[in-house]
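# Chains, contacts and geometry: an overview
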Amino acid sequence: MTTQAMTAPPPQQQQQPVWKSAAPAAAPSSAPSTAASPSPMCMQDDCVLFGSLLNEAPQGILVVDDTDVIVFANLAMNVLFLPHVLEEGRLLPAVPALEPVTRVVADARRQRTRVEAELRLPLPHSYAAEWSHERHYHLCASPWAEGHRSGIWVMVIDRTEHDMIAQTRQDFVTSAGHELRTPLSLIHGYIETLKSGMIKNTASLVRCLDVMEKHSRRMMRIIDDMLTLSRLESLEEPLKTETFLVRGSVQDALEHLTPLIETRQPHITLDFPPDGGLLSGDRFYWDQIFSNLIENALKENPRTGLRLNIRGRWTRHECVITITDDGVGIRAEDVPNVFKRFYRSTQESKGSGLGLSIVRRAVELHGGTIELESHPGQSTTFTIRVPLPE
(Lines give C-alpha, C1' and ligand atoms only; values in the text may rest on other atoms or scores of the structure.)
Protein backbone atom coordinates (compact mmCIF):
# COMPACT_ATOMS: atom_id res chain seq x y z
CA MET A 1 0.00 0.00 0.00
CA THR A 2 1.42 3.38 -0.96
CA THR A 3 1.90 6.31 1.36
CA GLN A 4 -0.76 8.19 -0.53
CA ALA A 5 -3.33 5.48 0.19
CA MET A 6 -2.51 5.60 3.86
CA THR A 7 -3.23 9.32 4.28
CA ALA A 8 -6.25 11.55 4.11
CA PRO A 9 -6.86 15.20 3.22
CA PRO A 10 -6.18 17.68 6.03
CA PRO A 11 -9.22 17.93 8.30
CA GLN A 12 -11.15 21.10 8.86
CA GLN A 13 -10.34 20.98 12.59
CA GLN A 14 -6.84 20.23 13.82
CA GLN A 15 -8.10 17.93 16.60
CA GLN A 16 -10.22 15.78 14.24
CA PRO A 17 -8.33 12.45 13.75
CA VAL A 18 -7.73 11.19 10.24
CA TRP A 19 -10.23 8.45 9.15
CA LYS A 20 -12.33 8.80 12.27
CA SER A 21 -15.93 7.85 11.61
CA ALA A 22 -17.49 11.05 12.87
CA ALA A 23 -21.11 12.08 12.46
CA PRO A 24 -21.93 13.76 9.12
CA ALA A 25 -21.18 17.46 8.96
CA ALA A 26 -23.81 20.08 8.32
CA ALA A 27 -25.12 20.29 4.78
CA PRO A 28 -22.86 22.28 2.47
CA SER A 29 -23.97 25.64 1.12
CA SER A 30 -25.84 25.86 -2.15
CA ALA A 31 -22.84 27.41 -3.90
CA PRO A 32 -21.36 24.89 -6.33
CA SER A 33 -17.98 23.47 -5.31
CA THR A 34 -15.10 23.24 -7.73
CA ALA A 35 -12.84 20.24 -8.39
CA ALA A 36 -9.88 22.21 -7.06
CA SER A 37 -11.63 22.94 -3.77
CA PRO A 38 -13.56 19.93 -2.45
CA SER A 39 -16.23 20.56 0.15
CA PRO A 40 -15.71 19.62 3.84
CA MET A 41 -18.46 17.03 3.40
CA CYS A 42 -16.50 15.31 0.61
CA MET A 43 -13.32 15.26 2.66
CA GLN A 44 -15.12 13.77 5.64
CA ASP A 45 -16.81 11.18 3.45
CA ASP A 46 -13.42 10.21 2.04
CA CYS A 47 -12.07 9.71 5.57
CA VAL A 48 -15.02 7.50 6.51
CA LEU A 49 -14.65 5.53 3.26
CA PHE A 50 -10.92 4.97 3.80
CA GLY A 51 -11.56 3.83 7.36
CA SER A 52 -14.29 1.42 6.27
CA LEU A 53 -12.10 -0.07 3.55
CA LEU A 54 -9.08 -0.47 5.83
CA ASN A 55 -11.23 -2.16 8.47
CA GLU A 56 -11.83 -4.93 5.91
CA ALA A 57 -8.11 -5.53 5.33
CA PRO A 58 -6.66 -8.72 6.87
CA GLN A 59 -3.43 -6.88 7.71
CA GLY A 60 -3.16 -4.71 10.77
CA ILE A 61 -2.86 -1.03 9.88
CA LEU A 62 -1.81 1.66 12.33
CA VAL A 63 -1.31 5.38 11.71
CA VAL A 64 0.37 7.71 14.21
CA ASP A 65 1.31 11.37 13.92
CA ASP A 66 4.67 12.96 14.69
CA THR A 67 3.88 13.02 18.40
CA ASP A 68 3.14 9.25 18.44
CA VAL A 69 -0.58 9.84 18.94
CA ILE A 70 -2.65 7.03 17.43
CA VAL A 71 -4.60 8.54 14.56
CA PHE A 72 -6.10 5.30 13.24
CA ALA A 73 -6.01 1.58 13.98
CA ASN A 74 -8.13 -0.79 11.92
CA LEU A 75 -10.02 -3.78 13.29
CA ALA A 76 -7.31 -6.28 12.33
CA MET A 77 -4.70 -4.29 14.24
CA ASN A 78 -6.76 -4.47 17.41
CA VAL A 79 -7.38 -8.19 16.94
CA LEU A 80 -3.69 -8.93 16.37
CA PHE A 81 -2.71 -7.25 19.61
CA LEU A 82 -5.50 -8.46 21.88
CA PRO A 83 -6.10 -7.85 24.71
CA HIS A 84 -4.46 -4.44 24.22
CA VAL A 85 -6.78 -1.83 22.73
CA LEU A 86 -5.35 0.75 20.33
CA GLU A 87 -7.61 3.74 20.92
CA GLU A 88 -7.50 6.75 18.67
CA GLY A 89 -6.00 9.72 20.48
CA ARG A 90 -3.91 7.53 22.78
CA LEU A 91 -0.12 7.75 22.85
CA LEU A 92 1.48 4.66 21.29
CA PRO A 93 4.29 4.46 23.91
CA ALA A 94 1.61 4.32 26.61
CA VAL A 95 0.89 0.70 25.60
CA PRO A 96 3.85 -1.29 27.04
CA ALA A 97 3.07 -4.42 25.01
CA LEU A 98 3.49 -2.39 21.80
CA GLU A 99 7.05 -1.34 22.63
CA PRO A 100 8.43 -3.26 19.56
CA VAL A 101 5.99 -1.37 17.34
CA THR A 102 7.07 1.89 18.93
CA ARG A 103 10.70 1.05 18.07
CA VAL A 104 9.82 0.40 14.43
CA VAL A 105 7.96 3.71 14.28
CA ALA A 106 10.98 5.49 15.77
CA ASP A 107 13.34 3.85 13.25
CA ALA A 108 11.17 4.88 10.30
CA ARG A 109 10.96 8.44 11.61
CA ARG A 110 14.71 8.66 12.22
CA GLN A 111 15.73 7.11 8.88
CA ARG A 112 12.93 8.86 6.97
CA THR A 113 12.37 5.75 4.90
CA ARG A 114 10.52 2.45 4.97
CA VAL A 115 11.79 -0.07 7.54
CA GLU A 116 10.83 -3.69 8.23
CA ALA A 117 11.15 -5.92 11.29
CA GLU A 118 10.06 -9.27 12.70
CA LEU A 119 8.20 -9.56 15.99
CA ARG A 120 7.47 -12.57 18.18
CA LEU A 121 4.81 -11.60 20.67
CA PRO A 122 4.08 -13.89 23.64
CA LEU A 123 0.38 -14.24 24.29
CA PRO A 124 -1.33 -14.12 27.68
CA HIS A 125 -2.39 -17.59 28.80
CA SER A 126 -6.09 -16.85 28.29
CA TYR A 127 -5.47 -15.89 24.65
CA ALA A 128 -2.94 -18.59 23.77
CA ALA A 129 -4.05 -21.07 21.14
CA GLU A 130 -3.61 -24.81 21.64
CA TRP A 131 -0.82 -25.00 19.09
CA SER A 132 0.94 -21.70 19.70
CA HIS A 133 1.72 -19.50 22.70
CA GLU A 134 3.23 -16.67 20.67
CA ARG A 135 2.42 -14.79 17.48
CA HIS A 136 4.87 -14.14 14.66
CA TYR A 137 4.40 -10.75 13.01
CA HIS A 138 6.12 -9.02 10.09
CA LEU A 139 6.11 -5.24 10.52
CA CYS A 140 6.77 -2.53 7.96
CA ALA A 141 6.62 1.19 8.68
CA SER A 142 7.02 4.27 6.53
CA PRO A 143 6.63 8.06 6.87
CA TRP A 144 3.57 9.82 5.50
CA ALA A 145 2.85 13.51 4.99
CA GLU A 146 -0.21 15.42 3.83
CA GLY A 147 -0.30 19.18 3.94
CA HIS A 148 0.90 20.40 7.33
CA ARG A 149 0.45 16.97 9.00
CA SER A 150 2.84 14.02 8.96
CA GLY A 151 3.58 10.84 10.84
CA ILE A 152 4.25 7.11 10.40
CA TRP A 153 2.02 4.32 9.14
CA VAL A 154 2.60 0.71 10.14
CA MET A 155 1.39 -2.47 8.48
CA VAL A 156 1.43 -5.74 10.45
CA ILE A 157 1.19 -9.13 8.72
CA ASP A 158 0.44 -12.20 10.83
CA ARG A 159 2.86 -14.95 9.77
CA THR A 160 2.12 -17.32 12.65
CA GLU A 161 0.29 -19.95 10.63
CA HIS A 162 2.74 -19.69 7.71
CA ASP A 163 5.74 -20.21 9.99
CA MET A 164 3.99 -23.02 11.85
CA ILE A 165 3.26 -24.88 8.60
CA ALA A 166 6.85 -24.43 7.44
CA GLN A 167 8.19 -25.74 10.75
CA THR A 168 5.76 -28.66 10.70
CA ARG A 169 6.84 -29.57 7.17
CA GLN A 170 10.50 -29.44 8.15
CA ASP A 171 9.90 -31.56 11.26
CA PHE A 172 7.90 -34.05 9.22
CA VAL A 173 10.63 -34.50 6.61
CA THR A 174 13.29 -34.85 9.32
CA SER A 175 11.28 -37.38 11.30
CA ALA A 176 10.26 -39.36 8.22
CA GLY A 177 13.86 -39.53 7.04
CA HIS A 178 14.98 -40.78 10.44
CA GLU A 179 12.22 -43.41 10.61
CA LEU A 180 13.00 -44.75 7.13
CA ARG A 181 16.78 -44.62 7.48
CA THR A 182 16.95 -47.24 10.25
CA PRO A 183 15.19 -50.10 8.42
CA LEU A 184 16.87 -49.19 5.16
CA SER A 185 20.30 -49.36 6.80
CA LEU A 186 19.51 -52.79 8.26
CA ILE A 187 18.26 -54.13 4.94
CA HIS A 188 21.29 -52.71 3.16
CA GLY A 189 23.61 -54.37 5.69
CA TYR A 190 21.99 -57.77 5.22
CA ILE A 191 22.16 -57.44 1.44
CA GLU A 192 25.90 -56.77 1.65
CA THR A 193 26.28 -59.78 3.94
CA LEU A 194 24.43 -62.02 1.50
CA LYS A 195 26.47 -60.75 -1.44
CA SER A 196 29.73 -61.41 0.39
CA GLY A 197 28.99 -65.14 0.52
CA MET A 198 29.65 -65.31 4.27
CA ILE A 199 26.34 -67.07 4.95
CA LYS A 200 26.75 -70.75 4.15
CA ASN A 201 23.80 -72.52 5.80
CA THR A 202 20.10 -72.38 5.11
CA ALA A 203 19.07 -71.45 8.67
CA SER A 204 21.21 -68.28 8.65
CA LEU A 205 19.93 -67.38 5.20
CA VAL A 206 16.30 -67.72 6.32
CA ARG A 207 17.02 -65.61 9.40
CA CYS A 208 18.50 -62.84 7.23
CA LEU A 209 15.51 -62.90 4.89
CA ASP A 210 13.09 -62.78 7.84
CA VAL A 211 14.79 -59.68 9.24
CA MET A 212 14.78 -57.99 5.82
CA GLU A 213 11.09 -58.80 5.37
CA LYS A 214 10.27 -57.45 8.83
CA HIS A 215 11.96 -54.12 8.20
CA SER A 216 10.64 -53.80 4.65
CA ARG A 217 7.12 -54.21 6.07
CA ARG A 218 7.90 -51.53 8.62
CA MET A 219 8.91 -49.14 5.83
CA MET A 220 5.75 -49.98 3.89
CA ARG A 221 3.67 -49.23 7.00
CA ILE A 222 5.39 -45.89 7.53
CA ILE A 223 4.90 -44.91 3.89
CA ASP A 224 1.25 -46.00 3.91
CA ASP A 225 0.62 -43.97 7.09
CA MET A 226 2.35 -40.94 5.60
CA LEU A 227 0.22 -41.14 2.45
CA THR A 228 -2.97 -41.55 4.52
CA LEU A 229 -2.14 -38.53 6.66
CA SER A 230 -1.29 -36.53 3.55
CA ARG A 231 -4.65 -37.37 1.98
CA LEU A 232 -6.48 -36.43 5.16
CA GLU A 233 -4.74 -33.06 5.44
CA SER A 234 -4.91 -32.11 1.77
CA LEU A 235 -8.46 -33.42 1.26
CA GLU A 236 -7.52 -34.54 -2.25
CA GLU A 237 -10.53 -36.85 -2.13
CA PRO A 238 -13.79 -35.89 -0.38
CA LEU A 239 -15.09 -38.13 2.39
CA LYS A 240 -17.34 -40.89 1.08
CA THR A 241 -20.21 -40.58 3.49
CA GLU A 242 -22.39 -43.62 4.16
CA THR A 243 -24.39 -44.99 7.07
CA PHE A 244 -22.71 -47.93 8.78
CA LEU A 245 -22.75 -49.92 12.02
CA VAL A 246 -20.02 -48.79 14.40
CA ARG A 247 -19.91 -52.19 16.09
CA GLY A 248 -19.31 -53.78 12.68
CA SER A 249 -16.43 -51.38 12.01
CA VAL A 250 -14.86 -52.27 15.37
CA GLN A 251 -15.23 -55.99 14.67
CA ASP A 252 -13.56 -55.59 11.27
CA ALA A 253 -10.66 -53.79 12.98
CA LEU A 254 -10.32 -56.64 15.50
CA GLU A 255 -10.32 -59.19 12.68
CA HIS A 256 -7.58 -57.24 10.92
CA LEU A 257 -5.51 -57.38 14.13
CA THR A 258 -6.07 -61.12 14.71
CA PRO A 259 -2.34 -62.10 14.71
CA LEU A 260 -1.53 -59.45 17.35
CA ILE A 261 -4.59 -60.35 19.41
CA GLU A 262 -3.65 -64.05 19.40
CA THR A 263 -0.18 -63.12 20.66
CA ARG A 264 -1.29 -60.72 23.43
CA GLN A 265 -4.51 -62.55 24.36
CA PRO A 266 -6.42 -59.49 25.64
CA HIS A 267 -9.88 -59.60 27.22
CA ILE A 268 -11.94 -57.46 24.83
CA THR A 269 -15.46 -56.25 25.67
CA LEU A 270 -17.77 -54.55 23.16
CA ASP A 271 -20.59 -52.49 24.65
CA PHE A 272 -22.92 -51.09 21.97
CA PRO A 273 -26.68 -50.61 21.50
CA PRO A 274 -28.57 -53.69 20.28
CA ASP A 275 -28.70 -52.34 16.72
CA GLY A 276 -24.91 -51.96 16.62
CA GLY A 277 -24.97 -48.16 16.60
CA LEU A 278 -25.53 -46.23 13.36
CA LEU A 279 -23.18 -43.46 12.23
CA SER A 280 -22.75 -41.53 8.99
CA GLY A 281 -19.21 -41.09 7.75
CA ASP A 282 -16.41 -42.51 5.65
CA ARG A 283 -16.27 -46.19 6.68
CA PHE A 284 -12.70 -46.56 5.38
CA TYR A 285 -11.37 -43.93 7.79
CA TRP A 286 -13.46 -45.18 10.71
CA ASP A 287 -11.95 -48.66 10.21
CA GLN A 288 -8.53 -46.98 10.43
CA ILE A 289 -9.53 -45.03 13.54
CA PHE A 290 -10.48 -48.20 15.42
CA SER A 291 -7.57 -50.24 14.06
CA ASN A 292 -5.04 -47.62 15.17
CA LEU A 293 -6.52 -47.11 18.62
CA ILE A 294 -6.83 -50.84 19.36
CA GLU A 295 -3.39 -51.61 17.92
CA ASN A 296 -1.89 -48.77 19.95
CA ALA A 297 -3.34 -50.23 23.17
CA LEU A 298 -2.05 -53.73 22.39
CA LYS A 299 1.44 -52.68 21.30
CA GLU A 300 2.02 -50.29 24.20
CA ASN A 301 1.00 -52.99 26.69
CA PRO A 302 3.07 -56.09 25.91
CA ARG A 303 1.73 -58.18 28.82
CA THR A 304 -0.95 -60.75 28.10
CA GLY A 305 -4.45 -60.46 29.52
CA LEU A 306 -4.93 -56.73 28.89
CA ARG A 307 -8.54 -55.67 29.52
CA LEU A 308 -9.85 -53.59 26.64
CA ASN A 309 -13.35 -52.11 26.68
CA ILE A 310 -14.84 -50.49 23.57
CA ARG A 311 -18.10 -48.70 24.23
CA GLY A 312 -20.54 -46.66 22.14
CA ARG A 313 -23.36 -44.47 23.40
CA TRP A 314 -25.80 -42.35 21.40
CA THR A 315 -27.67 -39.30 22.60
CA ARG A 316 -29.95 -37.02 20.65
CA HIS A 317 -27.11 -34.75 19.62
CA GLU A 318 -23.92 -36.85 19.56
CA CYS A 319 -22.26 -40.24 19.43
CA VAL A 320 -19.72 -40.94 22.19
CA ILE A 321 -17.22 -43.77 21.71
CA THR A 322 -14.70 -44.73 24.40
CA ILE A 323 -11.78 -47.15 24.19
CA THR A 324 -10.39 -47.98 27.62
CA ASP A 325 -7.57 -50.31 28.68
CA ASP A 326 -6.10 -51.15 32.09
CA GLY A 327 -2.50 -51.09 30.91
CA VAL A 328 0.60 -49.13 31.86
CA GLY A 329 -0.98 -45.77 31.05
CA ILE A 330 0.62 -42.62 29.64
CA ARG A 331 2.72 -40.16 31.61
CA ALA A 332 1.14 -36.75 32.22
CA GLU A 333 3.95 -34.98 30.35
CA ASP A 334 3.34 -37.15 27.27
CA VAL A 335 -0.44 -36.71 27.09
CA PRO A 336 -0.37 -33.33 25.22
CA ASN A 337 2.01 -34.77 22.61
CA VAL A 338 0.64 -38.20 21.72
CA PHE A 339 -1.28 -36.93 18.69
CA LYS A 340 1.81 -35.32 17.17
CA ARG A 341 3.44 -36.96 14.17
CA PHE A 342 6.18 -39.48 14.92
CA TYR A 343 5.89 -38.84 18.65
CA ARG A 344 6.91 -41.69 20.93
CA SER A 345 6.86 -41.52 24.70
CA THR A 346 9.78 -43.96 24.97
CA GLN A 347 12.31 -45.59 22.68
CA GLU A 348 10.51 -48.88 23.30
CA SER A 349 7.24 -47.58 21.86
CA LYS A 350 6.10 -49.52 18.83
CA GLY A 351 4.61 -48.45 15.52
CA SER A 352 5.30 -45.65 13.06
CA GLY A 353 4.35 -42.81 15.41
CA LEU A 354 1.73 -41.65 12.90
CA GLY A 355 -1.28 -43.74 13.97
CA LEU A 356 -2.73 -41.33 16.52
CA SER A 357 -2.12 -38.37 14.19
CA ILE A 358 -4.23 -40.17 11.58
CA VAL A 359 -6.91 -40.88 14.20
CA ARG A 360 -7.23 -37.26 15.31
CA ARG A 361 -7.29 -35.87 11.77
CA ALA A 362 -9.90 -38.42 10.63
CA VAL A 363 -12.12 -37.69 13.63
CA GLU A 364 -11.84 -33.92 13.06
CA LEU A 365 -12.81 -34.30 9.39
CA HIS A 366 -16.03 -35.92 10.59
CA GLY A 367 -16.69 -32.86 12.76
CA GLY A 368 -15.74 -34.68 15.95
CA THR A 369 -13.20 -34.41 18.73
CA ILE A 370 -10.96 -36.91 20.50
CA GLU A 371 -9.72 -36.61 24.07
CA LEU A 372 -7.23 -38.64 26.09
CA GLU A 373 -7.33 -39.34 29.81
CA SER A 374 -4.72 -41.57 31.40
CA HIS A 375 -3.76 -42.67 34.89
CA PRO A 376 -0.30 -44.29 34.79
CA GLY A 377 -0.40 -47.87 36.01
CA GLN A 378 -4.21 -47.92 36.01
CA SER A 379 -6.00 -47.01 32.79
CA THR A 380 -6.03 -45.11 29.51
CA THR A 381 -9.21 -43.85 27.85
CA PHE A 382 -9.68 -42.30 24.41
CA THR A 383 -13.05 -40.55 24.05
CA ILE A 384 -14.43 -39.71 20.61
CA ARG A 385 -17.40 -37.35 20.29
CA VAL A 386 -19.15 -36.97 16.94
CA PRO A 387 -22.13 -34.63 16.45
CA LEU A 388 -25.27 -36.19 14.96
CA PRO A 389 -27.47 -34.46 12.37
CA GLU A 390 -30.53 -32.79 13.80
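The rules behind these values
- Residues numbered from 1 in each chain as written.
- Predicted model: local features only at pLDDT ≥ 70, side-chain atom pairs only at ≥ 80, totals over all residues.
- Heavy atoms only, no water.
- 1 Å grid on protein atoms, 1.4 Å probe; cavity = no way out; pocket = protein on both sides within 12 Å on 5 of 7 lines; lining within 4 Å.
- Points joined across faces, edges and corners; volume = space filled by probe spheres on them.
- Helix = DSSP H or I, 4+ residues; strand = E, 2+ residues; numbered from the N terminus.
- Nonpolar A, V, L, I, M, F, W, Y, C, P; charged D, E, K, R; others polar.
- Contact = heavy atoms within 4.5 Å.
- Salt bridge = Lys/Arg side-chain N within 4 Å of Asp/Glu carboxyl O.
- Buried < 20%, exposed > 50% of the residue type's maximum accessible area, 1.4 Å probe, protein only.
- Core = buried A, V, L, I, M, F, W, Y, C linked by side-chain atoms within 4.5 Å.
- Phe/Tyr/Trp six-rings, centres within 6.5 Å; stacked < 30°, edge-to-face > 60°.
- Pairing = 2+ DSSP bridges.
- Axes fitted to C-alpha atoms, helices over the stretch in contact; angles between N-to-C directions.
- Parallel < 35°, antiparallel > 145°, perpendicular 65-115°, else oblique.
- Left-handed = near helix turned anticlockwise from the far one by under 90°.

### Notes on empty space enclosed by the protein
In the structure shown here, the tally under the stated rule is one cavity of 30 Å³ or more. What lines the largest cavity is simply L293, N296, A297, L308, I323, D325, T380 and F382. When residues of the lining of the largest cavity are assigned to their parent elements, the largest contribution, three residues, is made by helix 8 (residues 283-300). Counted by class, the lining of the largest cavity contains five nonpolar, two polar and one charged residues.

### Brief notes about the side chain of E295
Here E295 shows up in helix 8. Beyond its immediate stretch of four places on either side in the chain, E295 contacts R221, L257 and L260.

### Quick look at the pattern of salt bridges
Within this structure, the stated rule accounts for 17 salt bridges. Two residues, D287 and R283, come together in a salt bridge whose shortest N-O distance is 2.8 Å. With a gap of four residues between them, D287 and R283 both fall in helix 8, about one helical turn apart. Taking the relative accessible area as the measure of exposure, D287 reaches 21% and is therefore partly exposed. The salt bridge partner of E318 is R385, with a shortest N-O separation of 3.1 Å. A residue pair is termed long-range when its members are at least 10 positions apart, and E318 in strand 10 (residues 318-325) and R385 in strand 12 (residues 379-387) qualify at 67 residues. The exposure class of E318 is partly exposed, given its relative accessible area of 25%. Residue class for R385 comes out partly exposed when judged on its relative accessible area of 32%. The network of salt bridges with shared partners includes D66, D68 and R109.

### Observations regarding unusual backbone geometry
Backbone geometry at D68 places phi at a positive 65°, although glycine is not the residue there. With respect to the helices and strands, D68 occurs in the loop between strand 1 (60-65) and strand 2 (70-73). A relative accessible area of 15% means that D68 is categorised as buried. Phi is positive for Q265, close to 50°, though the residue is something other than glycine. Take Q265: it is sitting in the loop between helix 7 (258-264) and strand 7 (267-271).

### Notes on the environment of I384
Examined against the element boundaries, I384 turns out to sit in strand 12. Using a relative accessible area of 1% as the deciding quantity, one classes I384 as buried. Once you skip the residues sitting within four places of it in the chain, I384 turns out to touch W286, I289, L293, C319, V320, I321, V363, T369 and I370.

### Some remarks on the nonpolar core
Inside soluble globular proteins, nonpolar side chains tend to come together where they are buried. Among the nonpolar cores identified, the biggest contains 49 residues, and W286, L293, I294 and I384 are the most heavily contacted of them. If you tally residues by element for this core, the top one is helix 8, at eight residues. Sequence-distant contacts of L293, that is, excluding residues within four places in its chain, are made with I323, L356, V359, I370, F382 and I384. With 24 residues, the next largest nonpolar core counts V105, Y137, A141 and V154 among its residues.

### Comments concerning the packing of aromatic side chains
The tally for this structure, following the rule as stated, stands at five aromatic pairs. Ring centres of W286 and F290 lie 5.8 Å apart, and the angle between their planes is 35°; on these two criteria the pair is classed as tilted. With W286 and F290 both in helix 8, this residue pair falls four residues apart, about one helical turn. Residue class for F290 comes out buried when judged on its relative accessible area of 0%.

### A short note on the sheet that holds strand 11 (residues 369-375)
Reading across the sheet, the five strands line up as 7-9-10-12-11 and stay open at both edges, with mixed pairing between neighbours. Bordering the open sheet on either side are strand 7 and strand 11, each of which pairs with just one other strand. The sheet shows a mean angle of 10° between the axes of neighbouring strands, taken without regard to direction. Note that strand 10 and strand 12 share eight bridges and pair antiparallel. The partner of T324 across the bridge, within strand 12, is T381.

### Section: the packing of helix 5 (residues 202-234) against helix 8
Two elements in contact, helix 5 and helix 8, have axes separated by 13 Å at closest approach and are oriented at 135°. Between helix 5 and helix 8, the interaxial angle falls into the category oblique. In the crossing of helix 5 with helix 8, the sense of the turn from one axis to the other is left-handed. Counted together, R221, T228, R231 and L232 of helix 5 and Y285, Q288, N292, E295 and K299 of helix 8 form the full contact between these two elements. Class assignment of the residues belonging to the contact of helix 5 with helix 8 gives a composition of two nonpolar, three polar and four charged.

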